[in-house]
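Examination of the molecular architecture
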Amino acid sequence: MGVFTTSHEQVVYCHDRPSGLRAIIAIYSTALGPALGGTRFYPYASEDDALHDVLDLSRGMAYKNALAGLDLGGGKAVIWGDPDKDKSEALLRAYGRFVQSLGGRYYTACDVGTYVQDMDVVAKETRFVTGRSESHGGAGDSSVLTAYGVFQGMRAAAEHRWGSPTLAGRRVGIAGLGKVGKHLTEHLIEDGASIVATDVNERALEWVRTTYPQVDVVDSSEDLVAADLDVYAPCALGGALSDETVAVLRAKIVAGAANNQLAHPGVEKLLAERDVLYAPDYVVNSGGVIQVADEIEGFNFARAQQRAARIFHTTREILQLAEAEGVPPAAAADRLAERRMADVGRLRTILL
Ligand SMILES: NC(=O)c1ccc[n+]([C@@H]2O[C@H](COP(=O)([O-])OP(=O)(O)OC[C@H]3O[C@@H](n4cnc5c(N)ncnc54)[C@H](O)[C@@H]3O)[C@@H](O)[C@H]2O)c1
């Protein structure tokens, strides 16, 4: 794919030879405001892979931010390298200067391979950064509102499917007891759900066995998917919904935190054919970006949580629109996002 065959606004290559920084910043759209999206630090096999990833991810952020009700466009950055070996103060600060050079068209944040401490370093060179630590005025760990938002989206899906916005008495399968999965477990237990969970990390399993002995633990995601579930919550890696998993899935709802859950285009149709209600990933997992975006105004947890609570209403609207128009919820979500980008983005043509 050539860069100009996509509909991105701007793609910037950044290189600082002494620190070894090789980064690409992609801005998909600023129709709603400055582009916001995290920085992925990853050892891509090639520059082409890095470019593809950043183009894909920045487009996804535009849709996510639009449906999260944020006045922010979509962008993303990738740093090509191994975070364990290549990350240094000089590299992060060089990256920060490139972000600053965009004059506020792009705000960065954490993603795979970058952490709040890294954003504190990036912030020495740019003011266009979120996801800093609380002691630096940042929003801290975004998994708190990510999990809260997933729970809200799941409640909306439960209401759509069973008539009542609660998971009480339902059996929910959580794949991945990481930062988000743990908080989600807490919300669901409080709501009265029963939980079956899995993780590849023994420490995560130990946490759940000690904290919530009532949670059933299974050996693998395959076992989880085939279990007798009402709801399946993928909270580990992307691609959780493939032809194979959908074929054996017994849950009636899928709602989870993982990004890019659909392994390939078309899986959303398979889910619909099997009468599985899919709450689109980028809608229900937007609590994290809502949390870090709040930093731009000066972080206020209560305000950010109020915004994340809207995920309930947005998910409900998407599921209703999907039903009314006879399309999968993923398609309905895209339509709503595009509508907001067009309707609100257009307002800037009114001269002030
Ligand atoms: N943290 C956020 O704010 C946020 C926001 C939006 C989306 N997400 C997405 O949600 C997902 C979870 O994020 P997180 O912050 O909790 O990450 P994390 O790294 O803290 O947790 C992921 C967990 O999944 C487990 N895991 C990995 N492979 C697995 C497998 N095959 N089967 C079962 N478990 C497996 C890991 O051991 C880990 O405990 C990711 O896909 C992330 O991109 C996170």
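A brief structural summary. All values derive from a computational prediction rather than experimental measurement.

**Here we look at the overall build of the chain**
Scanning the chain from N- to C-terminus turns up 15 helices and 12 strands. The C-alpha radius of gyration computed for the chain amounts to 20 Å, which stays within 12% of the reference 20 Å derived for 352 residues, consistent with globular compactness. Across the 352 residues in the chain, those meeting the buried criterion constitute 54%. Across the chain, the fraction of contacts at a sequence separation of at least 24, relative to all contacts at a separation of at least 6, is 65%. Looking at the chain as shown, the accessible area adds up to about 15,700 Å², and 50% of this sits on carbon and sulfur atoms. Within the chain, the 46 negative side-chain charges are centred at a point lying 5 Å from the centre of the 35 positive side-chain charges.

**Observations concerning the packing of helix 5 (residues 143-162) against helix 14 (residues 311-325)**
One can describe the packing of helix 5 onto helix 14 by two numbers: an axis separation of 8 Å at closest approach and a directional angle of 40°. In terms of orientation, helix 5 lies oblique with respect to helix 14. Crossing angle aside, the handedness with which helix 5 passes helix 14 is right-handed. Here Gly 149, Gln 152, Gly 153, Arg 155, Ala 156, Ala 157, Glu 159 and His 160 of helix 5 lie close against helix 14, whose contacting residues are Ile 311, Phe 312, Thr 315, Arg 316, Leu 319, Gln 320 and Glu 323. Partitioned by chemical class, the residues of the contact of helix 5 with helix 14 number 5 nonpolar, 6 polar and 4 charged.

**Concerning the nonpolar core**
In this structure, Leu 21, Ile 25, Leu 36, Leu 70, Ile 79, Tyr 95 and Tyr 106 are the most contacted members of the largest nonpolar core, which totals 38 residues. Here this core takes 5 residues from helix 3 (residues 89-101), the largest share from any one element. Those residues within four positions of Leu 21 in sequence are excluded, and the remaining contacts are Cys 14, His 15, Asp 16, Ile 79, Leu 91, Ala 94, Tyr 95 and Phe 98. Listed in part, the 32 residues of the second largest apolar core include Ile 174, Ala 193, Ala 197 and Val 231.

**Re the pairing of strand 10 (residues 231-234)**
Residues Val 231 and Ala 233 point to one face of strand 10 and Tyr 232 and Pro 234 to the other, with burial holding for every one of them. Sheet topology note: the strand 7 (residues 171-175)/strand 10 ladder contains 4 bridges and is parallel. Bridge pairing in strand 10 links Ile 174 to Ala 233. Sheet analysis places strand 10 next to strand 11 (residues 253-254), joined by 2 bridges and oriented parallel. What sits directly across from Tyr 232, in strand 11, is Val 254. In this view, the connection linking strand 10 to its parallel neighbour strand 11 by way of helix 9 (residues 243-248) has right-handed handedness.

Reading guide: rules and limits
Residues numbered from 1 in each chain as written. Predicted model: local features only at pLDDT ≥ 70, side-chain atom pairs only at ≥ 80, totals over all residues. Heavy atoms only, no water. Helix = DSSP H or I, 4+ residues; strand = E, 2+ residues; numbered from the N terminus. Rg over C-alpha atoms; globule rule 2.2 N^0.38 Å. Buried < 20%, exposed > 50% of the residue type's maximum accessible area, 1.4 Å probe, protein only. Contact = heavy atoms within 4.5 Å. Areas by Shrake-Rupley, 256 points an atom, 1.4 Å probe, with all protein chains shown as cover. Lys, Arg positive; Asp, Glu negative; His and termini not counted. Charge placed at Lys NZ, Arg CZ, Asp CG, Glu CD. Axes fitted to C-alpha atoms, helices over the stretch in contact; angles between N-to-C directions. Parallel < 35°, antiparallel > 145°, perpendicular 65-115°, else oblique. Left-handed = near helix turned anticlockwise from the far one by under 90°. Nonpolar A, V, L, I, M, F, W, Y, C, P; charged D, E, K, R; others polar. Core = buried A, V, L, I, M, F, W, Y, C linked by side-chain atoms within 4.5 Å. Pairing = 2+ DSSP bridges. Right-handed = clockwise from strand over helix to strand, strands pointing away.

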